[in-house]
Amino acid sequence: MKIAIYNNNKIWYYKVKLSDESLSVEEFVKRFNFSLDKFKELNYNLSSLKSGDILKMPESEQYYHVAMPLETYESIAKKYNCDENELKNINLSKNLFIGQKIFI
């Protein structure tokens, strides 16, 4: 099975989910591992997250994996030699869907 992995080495866009609204901007930025100052600069000093907002995301060295059919958090964790529960916490999700981007 092909592993699809991407490096977010340029500005990209993210649509805020309902589950993101409970996070502070600082917690949200920490989840993606990039500079708070750069994030605020790109998003006009955003002070809160609202479902449906489209955010500019700064460059990051964090990688993500696109979930393929029959993959589980357990199988993805084994591929990347990381902890399954940590993957679930980072991605704020216990469920996995085909095509879902999983941050590693």
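One can find the structure itself at the top, above this paragraph.
Residues numbered from 1 in each chain as written. Predicted model: local features only at pLDDT ≥ 70, side-chain atom pairs only at ≥ 80, totals over all residues. Heavy atoms only, no water.

Undergrad: For the overall build of the protein, give the residues involved together with the corresponding values.
TA: Regarding its fold elements, the protein presents 4 helices and 5 strands. Along its sequence from the N terminus, the protein presents helices and strands in the succession β-β-α-α-β-β-α-α-β. Residues counted as buried form 36% of the 104 residues belonging to the protein. Considering only intrachain contacts with a sequence separation of at least 6, the fraction spanning at least 24 residues in the protein is 64%. A total accessible area of about 6900 Å² is found for the protein, and carbon and sulfur atoms account for 51% of it. (Helix = DSSP H or I, 4+ residues; strand = E, 2+ residues; numbered from the N terminus. Buried < 20%, exposed > 50% of the residue type's maximum accessible area, 1.4 Å probe, protein only. Contact = heavy atoms within 4.5 Å. Areas by Shrake-Rupley, 256 points an atom, 1.4 Å probe, with all protein chains shown as cover.)

Undergrad: Tell me about the packing of aromatic side chains, and please be specific about residues and values.
TA: Under the criterion given, the structure shown has 2 aromatic pairs. Taken together, a centroid distance of 5.9 Å and an interplanar angle of 55° make the contact between Phe28 and Phe39 tilted. A residue pair is termed long-range when its members are at least 10 positions apart, and Phe28 in helix H1 (residues 25-32) and Phe39 in helix H2 (residues 36-42) qualify at 11 residues. In textbook terms, an aromatic cluster arises when at least three aromatic residues are bridged by ring pairs, as seen for Tyr14, Phe28 and Phe39. (Phe/Tyr/Trp six-rings, centres within 6.5 Å; stacked < 30°, edge-to-face > 60°.)

Undergrad: Go over the pattern of salt bridges, please, and point to the residues and values.
TA: Across all of its chains, the model carries 5 salt bridges by this definition. Put simply, Glu84 and Lys88 hold a salt bridge, and the shortest N to O gap is 3.4 Å. On the criterion of helical spacing, the pair formed by Glu84 and Lys88 is a turn pair, its members being 4 residues apart in helix H4 (residues 84-90). Of the residues examined, Glu84 reaches a relative accessible area of 28% and is grouped as partly exposed. (Salt bridge = Lys/Arg side-chain N within 4 Å of Asp/Glu carboxyl O.)

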